[in-house]
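Results of the structural survey
Residues per chain are reported as follows:
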Amino acid sequence: MTTMLDIAEIARATGLSSRVLRFYEARGLIRPLRSEGGRRIFGAGELERLHAIVALKRAGFTLAAIGRMLDRPDARLGPMVAAQLAVVEAQAVALADTARLLHSIQSRIDAGERIDVATLCSLIRKGNTMTTTQWKAVVEQHFTPEEQTHWAERLGALPADFDQDAYQAQWADLGQRIAAALPMDPDSDGARGFVREWFALLAPFQAVATPEMWTGAMRLHEKRAAWDGQADPGFSADVWQFIQAAGAAMRARGEEPGA
């Protein structure tokens, strides 16, 4: 005689809560029978299916993918496993970047720097959007190997104690404040104040950049539509366009934005 289990017994056998089991049923992943009294009852087949769901979720497969695999046991798994591997590897890279960010923040705290919650959140937001891996992909798309070498050599001239994490956090903070103020008249006092902050933040780059690097940086941002979403410099395309307009308005007044 086939052993039948109720939902409480299945929950104990699988470690899944009754709520999760009902959710899986609603998604069509499991199909328990019903007793005359309307109670859910599970046979050996459904228990085996649940163990398979738990195993596949451990590997990170989505419920939709799990449903397809269980409903089509003869399906080719190679492409699905390859796709999931790519997802997991991307997550591993992101976690490694996050670990490096947290180590950097911890080292600053250990050195006696006071970092409040707002600063921590800003650093985390920056770290989640501006990773070395993301920017490497963008740079390789838009700069030649010779240009990349030139950039690396020039940026290597920055002071040894230059804090890249803190610098990017400043860009994220400025970008957020400008975005919150938009729309704004590019020829207003507020706009000129933002432009002056912008160029003050550019000072470390100005100190080492060649004219070719300036041209390359401008070209990269003018083509932002081609890479937007792949990496985040700390400010949106709207903020960039606003700063260009506000800078042009200052020049029309005879003022130099970077002065």
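Worth saying up front: this structure is predicted, and the values here are computed from it rather than measured.

**Things to note about the sheet that holds strand β1 (residues 5-6)**
The pairing of strands in a sheet happens through backbone hydrogen bonds and is either parallel or antiparallel. Spatial strand order, β1-β3-β2: 3 strands in an open sheet with antiparallel pairing. Single-partner strands in this sheet number two, and they are β1 and β2 (33-34). Bridge count between β1 and strand β3 (residues 40-42): 2 bridges; the pairing is antiparallel. Each residue of the ladder has a partner; that of Asp-6, found in β3, is Ile-41.

**Quick notes on the environment of Gly-156**
As for its position among the elements, Gly-156 is in the loop between α8 (145-155) and α9 (164-181). Placed 52 residues apart in sequence, Gly-156 and Val-208 show a C-alpha to C-alpha distance of 8.8 Å.

**A word on the packing of aromatic side chains**
Summed over the entire model, instances satisfying the criterion amount to 7 aromatic pairs. Both rings, one in Trp-171 and one in Phe-235, keep their centres 5.8 Å apart while their planes meet at 55 degrees; by these two values the pair is tilted. Of this pair, Trp-171 sits in helix α9 while Phe-235 sits in the loop between α12 (211-222) and α13 (237-252); the two residues are 64 residues apart in sequence, bridging distant segments of the chain. Of the two residues examined, Trp-171 and Phe-235, each falls in the buried class. Among the aromatic residues, those joined into a cluster by ring pairs are Trp-171, Trp-198, Phe-235 and Trp-240.

**Quick look at the confidence of the model for the protein chain**
Atomic detail in the predicted coordinates should be set aside for any region of low pLDDT. Looking at the protein chain, the pLDDT average stands at 82 and 92% of residues meet or exceed 70. Least confident of the elements in the protein chain is helix α6 (residues 117-129), whose mean pLDDT is 70; most confident is helix α10 (residues 189-201), at 91.

**Concerning helix α1 (residues 7-14)**
The complete set of buried residues in α1 reads Ile-7, Ile-10, Ala-11 and Thr-14. The arc enclosing the buried residues of α1, seen along the axis, measures out at 105 degrees, which places them on a common side. Where α1 is buried, its residues meet β1, α2 (18-26), β3 and α3 (44-58). At the N-terminal boundary of α1, the capping side chain belongs to Asp-6, with an oxygen 3.2 Å from the backbone nitrogen of Ala-8. Note on α1: the residue one or two positions beyond its end, Gly-15, has a positive phi of about 80 degrees.

**Structural notes on the side chain of Thr-14**
Note on placement: Thr-14 falls in helix α1. At 3.2 Å, the side chain of Thr-14 and the backbone nitrogen of Leu-16 are in polar contact. Setting aside chain neighbours within four positions, we find Thr-14 in contact with Leu-47, Leu-50 and His-51.

**Let's talk about the pattern of salt bridges**
Going through the model one piece at a time under the given rule, you end up with 12 salt bridges. Residue Arg-31 is joined to Asp-71 by a salt bridge in which the shortest nitrogen-to-oxygen separation is 3.5 Å. Of this pair, Arg-31 sits in the loop between α2 and β2 while Asp-71 sits in helix α4 (residues 63-71), placing them 40 residues apart in sequence. By relative accessible area, which is 42% here, Asp-71 ends up partly exposed. Taking the shortest distance from any N to any O, the salt bridge between Arg-49 and Asp-71 comes out at 2.8 Å. Residue Arg-49 is found in helix α3, and its partner Asp-71 is found in helix α4; the two are separated by 22 residues along the sequence. Among the ionic contacts, a cluster of salt bridges with common partners joins Asp-187, Asp-189, Arg-192 and Arg-253.

Rules behind the numbers
- Each chain has its residues counted from 1, following the order in which its sequence is written.
- Reporting of local features is limited, given that this is a predicted model, to residues whose pLDDT is at least 70; pairs of side-chain atoms are given and counted only at 80 or more, and all residues count toward the totals for whole chains, interfaces and linings.
- Just so you know, side-chain values use all the structure's heavy atoms and leave hydrogens and water out.
- One bridge is not enough; two strands pair if DSSP finds at least two bridges between them.
- A run of H or I in DSSP counts as a helix once it spans at least four residues, and a run of E counts as a strand once it spans at least two, with each numbered from the N terminus.
- Two aromatic rings from Phe, Tyr or Trp, using only the six-membered ring of Trp, form a pair when their centres are within 6.5 Å; if the ring planes differ by under 30 degrees the pair is stacked, by over 60 it is edge-to-face, and anything between is tilted.
- Remark: exposure states derive from per-residue accessible area (1.4 Å probe, protein chains only) relative to the maximum for the residue type, with buried under 20%, exposed over 50%, and partly exposed in between.
- Predictor confidence is given residue by residue as pLDDT, running from a minimum of 0 to a maximum of 100.
- When we speak of the arc, we mean the arc of directions from the helix axis to the C-beta atoms.
- For this analysis, residues touch if any pair of their heavy atoms sits within 4.5 Å.
- Residues adjacent in sequence count toward polar contacts only when both atoms are side-chain atoms; beyond that, a polar contact is any pair of N or O atoms within 3.5 Å, and within protein one must be able to donate a hydrogen and the other to accept it.
- One side-chain nitrogen of Lys or Arg within 4 Å of one carboxyl oxygen of Asp or Glu is enough to make a salt bridge.

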